[in-house]
Each structure stands twice: as C-alpha cells, then as structure tokens.
Amino acid sequence: MMNVADNKKDEQLEEYRINNDGKKLTTNHGVRVSEDEHSLKAGERGPTLMEDFHFREKMTHFDHERIPERIVHARGFGAHGYFQVYESMAKWTKADFLQEPSKKTPVFVRFSTVAGSRGSADSVRDARGFATKFYTDEGNFDLVGNNIPVFFIQDAIKFPDLVHSFKPEPHNEMPQAATAHDTFYDFIVNNTESAHMVLWTNSDRGIPRSYRMMEGFGVHTFRLVNAEGIAHFVKFHWKPLLGVHSLVWDEAQKIAGKDPDFHRRDLYEAIELGNYPEYELGIQIIKEEDEFNFDFDVLDPTKIWPEELVPVHRIGKMTLDKNVDNVFAETEQAAFHIGHVVPGIDFTNDPLLQGRLFSYTDTQLLRLGGPNFQQIPINRPVSPVHNHQRDGYHQMRIDQGQVSYHKNGLANNSPAPASPEEGGYTHYQEKVEGHKVRKRSDSFMDHYSQAKLFWNSMSMPEKQHIIEAFQFELGKCLNKEIQQQVVDMYANVDHFLAEQIAIGLGLEVPEKEKESTVTDQSPALSQLNTPMSAQTRKVAILVHNGFDGEDLMNVLKAFEQAGMMAEIVSEHQGKIKSANGAELKVDQTFLTADSVLYDAVYIATGQESVDALKKNKKVNEFLMNAFNHYKAIGAPKEGAALMQAFLMESEKAAAGVITSDNTVNIDDSIEAFIQAVAKHRHWERQI
Ligand code: HDD
C-alpha cells in the first residue's frame, strides 16, 4: 500500500478520520452523556420529557440518516488507490498527471450496477459503472465510464426515457434490478440505436465474475490537448491485468440469493488480502484531420473504434490498494461528474456527452443537499481551491476578508484568474457554427453494422450465452408483440441469432434478407482473448475426517504459490482430523458455502474423507453445480469416484475435471488442476 506520506488524498482524509476507541460518549455538541439506555421520564412508568436533549438529538439524527439513492448506479462499491503513467504523454496532452512516471496520483474508484436500487444484488445482468476520480495536482479529473464501450442512446434527451423503461415498472414496481420486462424491450424496439449495447448487456459482459476482471471504458470521444494547443480525439479504456471474465447466467442468479454482496465482497477481500486489483489505462487516438475517414462517426457513443483499426496504447497503471473506512462517508457521498476535467483534457460534441455535462452536478445538488458537496472529504481536490463562491447549505470553509467578487480592487483582484502558463484551463477552440435544429446527423443512423461486428467477434460459447440471455430476457416479457419486434430487430443484425431467439420463444422466424452484410471481426472483443490466470482464484476444498494430511498440505502450498485462495469446506465448523490425526480448521460448511461462490472445487484425497463426502447430498449438489458452470474440478486418487457420474457422459465433458489414479504422484495432478483453474471455465463441456 502507498504510505500516507506518499498519497496526498489519504493525508487529507486523515484529518477527517475519527477514532472513537476508548473515548467517552458525548452529544453532537460535545456534552458528555451519562446514560444511553433510558429516555428521561417523569417517574419510572411516566411519560418521556421534552427536555431530554440527548434523546431528541439521537432520534432526530437517526430520522435523517438517509439521503436519496442515485437515480441510476445506486448500488456501488468503492476503493482508494493510485495511478502512474508509464511515460510522458506530452506529445498528446499537457495534463500534469500524465507527464511523470514517478508521480503517483491518488484515485478513488466506484464500481456499480446501473438499474438496481441500493439494496439489490450484485450479480444481476446489467452494465457496470466504472467511475474513477483522479485527485491530480491540477484538480479532479473524473472518468465516469462503464464496463461496456458503447451506450444505449445517442442523445442525452432520451436518458430519462431509457431509465424509466429499464427501472421496475411503475404500476407494480417489478422487476427489481433487471431488464427482463416489457417496458425495457418496448423502448429498445422503438429506439433501434440501442441494438449494439443490448447485445453487449446480453453477452457475458453483463454478468462479470469480478470488478477486478472487468474492462472500463470512457465511452465518449474526448480530446487530448498538448501544450502547443494541438488536439487529438481520444477514447479511454481500463484493461484489468487479470483479464476479462464472467459468470454464467444460472450461476449469477444463484449468487444473487447465496451472496447478494458477491462483487463487493470479492473486491473488499482482495484488497484486504493484498491482492490489489490493477488496471492499465489505455488510450485510442485519432487525429483531428482523420475525423471523417471511418465508417462510423467519432461523435456517436453507440460505436466503438475497433482496436485492430485504432490500437489501444497502454499508458499507465492504476492500483486499488485501500478499502474505505466508512462506506457512507466515502463511497455514498462520492460525487462524480463527467465535466470534471483538467487542462489537457477536453470534450467533443458527442450529444450524449454534452447532455451529461448538465446532469451530474444537477443530481448532486439534490442527492447531497446543496452546492457545497465538493467540500465533502471524498470530493475535495488535493489542489488548492480559491474563488468567490460563498455560503449555501453546509458551508465548511471560512473564507476570510471583505471581498467576494471579481473583478475587485480592494483585494488586489485576488483570487485572480491564471494564465494557461500558470495552469489556467482554456477550452479547445473548436470552430462551431450551424442552424439551431433538433436533429441527428445521418452519420449516426447505422444501428446494426457494429452490432454485427460484435456478434461476429464472439466465440461459439459466447454466442450461445447471448442467445440464451435473449431467450431468458424476452421470455420474461409478457407481451408477445414486443418479443416478436425484438426478434425482427435482431434479424437486421444476424439471422442465426434472430432465428435462435425466435425458436426459443415460439415466435416467427424472420426472413434472412435483412441481415447485416458486415463480415469483419474484432478479436479484441472476445473475452477468451484476454489474459487467463489462476491468480486470486478462489477454490473450495471439500474435505472430511480421515483425509490424507500430507497430500492436503502439498495442495495448500501449491495453491498459495499459484496465488490462489483456498477455503476448507466440510460438514461442520471447528476442526477435522486427517488419517494421521493432524488437525485442520474448517472455514465453511456445506450450509454456509456453495459452489457458485468459488472459481473451482478440489476434493481432498483420503479414502475415509471421500467416503464421507460421497454420502452427503450437498456435496453432490456442490459438484453438480461446479460441473454445470464449467468450473475446474480437482478429484485425484479416491476423489475420482465422486466424479464418475459426470464423466461417463463424454470426453468433452471431462474437460477441466482433473482425476488421477492412486499410484500417480499428487504433484502432477495439482499442477494440472492449477492450469485448469487458470482457464477460468471449460466451455468444451457446453458443446
Ligand atoms: Fe451516467 C451516474 C456512467 C450516461 C446521468 N453514470 C453514473 C455513474 C456512472 C455513469 C458510472 C455512477 C457514478 C458514481 O459511481 O457515483 N452514464 C455513465 C455512462 C454513460 C452515462 C458511461 C454513457 C456513456 N448518465 C448518462 C446520461 C445521463 C446520465 C446520458 C443524463 C443526461 N449518471 C447520470 C446521473 C448520475 C449518473 C443521473 C446518477 C447519480 C450521479 O449521476 O451521480 O447524473
């Protein structure tokens, strides 16, 4: 972890941290309280007295403890960290935090789901928010992105409609945190610019394995501007070093019940254990003069710039190394705004971006109760703030002096505007002229080509998941016409996709002629082409009394060396004994754990242990789910017997199930198992 002296934001937050250990209880006015269990009454059985200021204050504060949740991205989880650039980006931008590799810029990241309310489950099908606040020496830069590089709509004026359509339906407030309902798909078929993004949300991207294994995208085209005033179009990416990986849908649904906090727990635990999540910042650059040289409009937020066409330069790395001390104070009160930019980073005329520039401050005024939300510790920049803005609810500053206006003579015109050389922000001088119109450019009208590009780029298992996701989502729609309209809409993308959805729902298969003619692929879009690693993967070791102690010690050592995390799962908590009488502490039982909460399962060796596991119905369910969710299963020696029922199916079914006979050296099977874990899932079983 970056030490405090190294991190200006942490140093600043330290001033606000309160340690209550060993302290005396007081009111908010600092008066010590002598009693906190009984309100002040007129007689032991008498009425409570108004003069009980401690009761009144405690109750009033409690009554006011909630603030409105975010209208979107209500459920989120944040962490602190830092960012370092690999080499100076001076040729593209003058942004100070992108110049010096030795400079560590503090960051705060909040990950979120979009549709669900604050108490909803983490593993729902949805886009994920990926919002980063860089506390730079020149002020805060917020990169408020998602884990999907495109958006549903092209113009911000449609955002309230989009959100109303995916939120629970107003007449019965169902369903929670899900797009599988009529109003959402009614919106989609009537706003076909969404075709591309809906393909992404119904792909594996909609159910990430972990916030640590998820890409992030700024989505919009921004500008980088260098010291000479030369601008380039830019798109921002976050690339997780652990690769991009997802759950399977059945698993995601089960997790929503078994552990609704699955993603926040995963992030929290990883950071506590020192497995700091790392993401590289990538940029794609297009020269201003090349603006019209592509078959997409660079201002259209429903389009990607295929990486094979416009390469992603990895320019630096972000490390998340500290959990928050207080979720409400930090994560809930964090206020991101796409308009928070620093010199060297500027906007474009993307109509979605332009509208967002209004919405974010507006929403904080309500949510955080007034215009001084920038002074809340998590939002405060580490650079100095001096201006003539005054007063308002919850003003924390005591600005001194007689003068609160510009220009002034009484205070020598201070604080005074800074020249560009002194770090003053100057807007890129783009020439704009035009008629006032409520219109969209024709160059935004191709809604299907990139959806087809995405589809073409998927591997077979990924395509199968998309088909099943549509069958599920539309299967939950009550209106048959809407279902058919979605199928007809996707016939414009890919006929096979539309046909498969139609078959699953008993609908009419549309004609083939409509299908997009795009044949290109972008391999970078398939998650199977991202890094695979066993590091930080969580394994359940199923074990019972009578296990082979020596084998298990070797297994635990090997897992640790591979950077994996193991939990001992058994029938009851407390301790179990090996065949030789060695004791082992149990972490979870078959009641508290479930295979959906692990990346892989390992059956410990030892005849007595395996025999006991065999008799347990829950073990069978554990293994069946792990198998059906394509996870690596280690079942060497006696454990192989537990896998017989699954392995009889076919050779493909055996993929990722590591067995061995009793004579084999355990080390070989451990190594094979670790490699199987690194593959994330064994999709061969699907076919
Ligand atoms: Fe937004 C929150 C991302 C379009 C209006 N948005 C919000 C958050 C993220 C995004 C990650 C949560 C920030 C946090 O953790 O506090 N939003 C996006 C992306 C978009 C997008 C990637 C498209 C490229 N958003 C968008 C539009 C509008 C908004 C078009 C309105 C014109 N977004 C909001 C908001 C929120 C918000 C209502 C709710 C809470 C908040 O801002 O602070 O203002």
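By the naming in an unreviewed UniProt entry, the protein is Catalase, taken from Pradoshia eiseniae. Per UniProt, the protein carries the Catalytic activity (unreviewed entry) text "2 H2O2 = O2 + 2 H2O".

It is worth spelling out the layout of surface pockets at this point. Empty space within the largest pocket amounts to approximately 1600 Å³. Lining of the largest pocket is provided by 47 residues; of these, Pro-381, Pro-384, Val-385, His-386 and Asn-387 occupy positions nearest its centre. Secondary structure elements with two or more residues in the lining of the largest pocket: helix H1 (8-14), strand E4 (139-146) and helix H9 (351-367). Split into classes, the residues belonging to the lining of the largest pocket amount to 19 nonpolar, 19 polar and nine charged.

This next bit is on empty space enclosed by the protein. Within the structure shown, the criterion is met by seven cavities of 30 Å³ or more. Taken as a whole, the largest cavity spans an internal volume of roughly 150 Å³. Along its surface, the largest cavity is lined by 21 residues, and Pro-149, Phe-217, His-237, Gln-284 and Ile-304 are the ones closest to its centre. In terms of residue count, the dominant contributor to the lining of the largest cavity is strand E7 (residues 231-240) (four residues). Along the lines of polarity and charge, the residues of the lining of the largest cavity split into 10 nonpolar, five polar and six charged.

In the numbering adopted here, UniProt assigns the feature "binding site: heme" (unreviewed entry) to Arg-70, Arg-110, Phe-159, Arg-356, Tyr-360 and Arg-367. Of the annotated set named above, Tyr-360 line the largest pocket. Note that Arg-70 resides in the loop between helix H2 (53-63) and strand E1 (76-85). Ignoring sequence-local partners within four residues, the contact set of Arg-70 consists of Arg-110, Thr-331, Glu-332, Ala-334 and Arg-367. With respect to the secondary-structure elements, Phe-159 resides in helix H3 (residues 159-166).

We now examine the domain arrangement of the protein. Assigned domains within the protein: domain 1 (185-199 + 457-524) and domain 2 (532-685). The straight-line distance from the C-alpha centre of domain 1 to that of domain 2 is 39 Å.

Let us look at the coordination of the iron atom of the ligand. No other protein atom reaches the iron atom of the ligand as a donor apart from Tyr-360 (OH), found 1.9 Å away. With respect to the secondary-structure elements, Tyr-360 resides in helix H9.

For Val-327, the position within the fold is in the loop between strand E9 (313-323) and helix H8 (328-332). Once you skip the residues sitting within four places of it in the chain, Val-327 turns out to touch Phe-77 and Glu-332.

A separate point is the UniProt feature "active site" (unreviewed entry) in the protein. According to UniProt, the positions carrying the feature "active site" (unreviewed entry) are His-73 and Asn-146. With the annotated positions falling across 74 residues, the maximum pairwise C-alpha distance of 10.3 Å places them together in a single cluster. Inspection of the secondary structure puts His-73 in the loop between H2 and E1. In this structure His-73 touches Arg-110, Ser-112, Thr-113, Val-114, Gly-129 and Asn-146, once residues within four positions along its chain are discounted. Checked against the element boundaries, Asn-146 lands in strand E4. Apart from residues no more than four positions distant in its own chain, Asn-146 is found in contact with His-73, Arg-128, Gly-129, Phe-130, Phe-151, Glu-215, Gly-216 and Phe-217.

Attention now moves to a nonpolar patch on the surface. Taken together, the side chains of Phe-55, Met-59 and Phe-62 present a nonpolar region at the surface, about 280 Å² in accessible area. Along the chain, Phe-62 turns up in helix H2.

Taken together, six strands build an open sheet; the order of strands is E15-E12-E11-E16-E17-E18 and the sheet is parallel. Both edges of this open sheet fall to strand E15 (588-589) and strand E18 (657-660), since each of them pairs with a single strand only. As paired strands, strand E16 (residues 600-603) and strand E17 (residues 632-636) are joined by three bridges and run parallel to one another. Each residue of the ladder has a partner; that of Ala-600, found in E17, is Ala-632.

This part takes up the pairing of strand E3 (residues 128-136). With nine of nine residues buried, E3 is to be regarded as a mostly interior element. Of the two faces of E3, the one carrying Arg-128, Phe-130, Thr-132, Phe-134 and Thr-136 and the one carrying Gly-129, Ala-131, Lys-133 and Tyr-135 are both buried. One ladder, built from seven bridges, connects strand E2 (residues 105-113) with E3; its direction is antiparallel. Bridging across to E3, Ser-112 finds its partner in Gly-129. Sheet topology places E3 next to E4; eight bridges connect them, and they run antiparallel.

Let us look at the packing of helix H11 (residues 460-475) against helix H13 (residues 495-505). Each pair of packed helices can be described by the angle between their axes along with the distance between the axes. For the pair H11 and H13, the least separation of the axes is 9 Å and the interaxial angle reads 45°. Comparing the axis directions of H11 and H13 gives the class oblique. Considering how the two elements wind past one another, H11 and H13 form a crossing that is right-handed. Contacts from Ile-466, Ile-467, Phe-470, Gln-471, Leu-474 and Gly-475 of H11 reach H13 at Phe-496, Leu-497, Gln-500, Ile-501, Gly-504 and Leu-505. Of the residues belonging to the contact of H11 with H13, the class tally is eight nonpolar, four polar and no charged.

So, about the site of the ligand. Surveying the vicinity of the ligand reveals 23 residues, the closest of which are Arg-70, Arg-110, Arg-356, Tyr-360 and Gln-364. Here a nitrogen atom of the ligand sits 2.7 Å away from a polar atom, N or O, in the side chain of Tyr-360. Mapped by element, the contributors of at least two residues to the shell around the ligand are E3, E4 and H9.

Parameters and conventions
- Residues numbered from 1 in each chain as written.
- Predicted model: local features only at pLDDT ≥ 70, side-chain atom pairs only at ≥ 80, totals over all residues.
- Heavy atoms only, no water.
- UniProt positions renumbered as here; feature names shortened; annotations may be inferred.
- 1 Å grid on protein atoms, 1.4 Å probe; cavity = no way out; pocket = protein on both sides within 12 Å on 5 of 7 lines; lining within 4 Å.
- Points joined across faces, edges and corners; volume = space filled by probe spheres on them.
- Helix = DSSP H or I, 4+ residues; strand = E, 2+ residues; numbered from the N terminus.
- Nonpolar A, V, L, I, M, F, W, Y, C, P; charged D, E, K, R; others polar.
- Contact = heavy atoms within 4.5 Å.
- Domains from an automatic or database assignment.
- Donors = N, O, S within 2.8 Å, 3.2 Å for Na, K, Ca; no water.
- Patch = residues over 30% accessible without salt bridge, like charges linked within 9 Å, V, L, I, M, F, W, Y side chains within 5 Å.
- Areas by Shrake-Rupley, 256 points an atom, 1.4 Å probe, with all protein chains shown as cover.
- Salt bridge = Lys/Arg side-chain N within 4 Å of Asp/Glu carboxyl O.
- Pairing = 2+ DSSP bridges.
- Buried < 20%, exposed > 50% of the residue type's maximum accessible area, 1.4 Å probe, protein only.
- Axes fitted to C-alpha atoms, helices over the stretch in contact; angles between N-to-C directions.
- Parallel < 35°, antiparallel > 145°, perpendicular 65-115°, else oblique.
- Left-handed = near helix turned anticlockwise from the far one by under 90°.
- Near = heavy atom within 4 Å.
- Polar contact = N/O pair within 3.5 Å; in protein donor to acceptor, adjacent residues only side chain to side chain.

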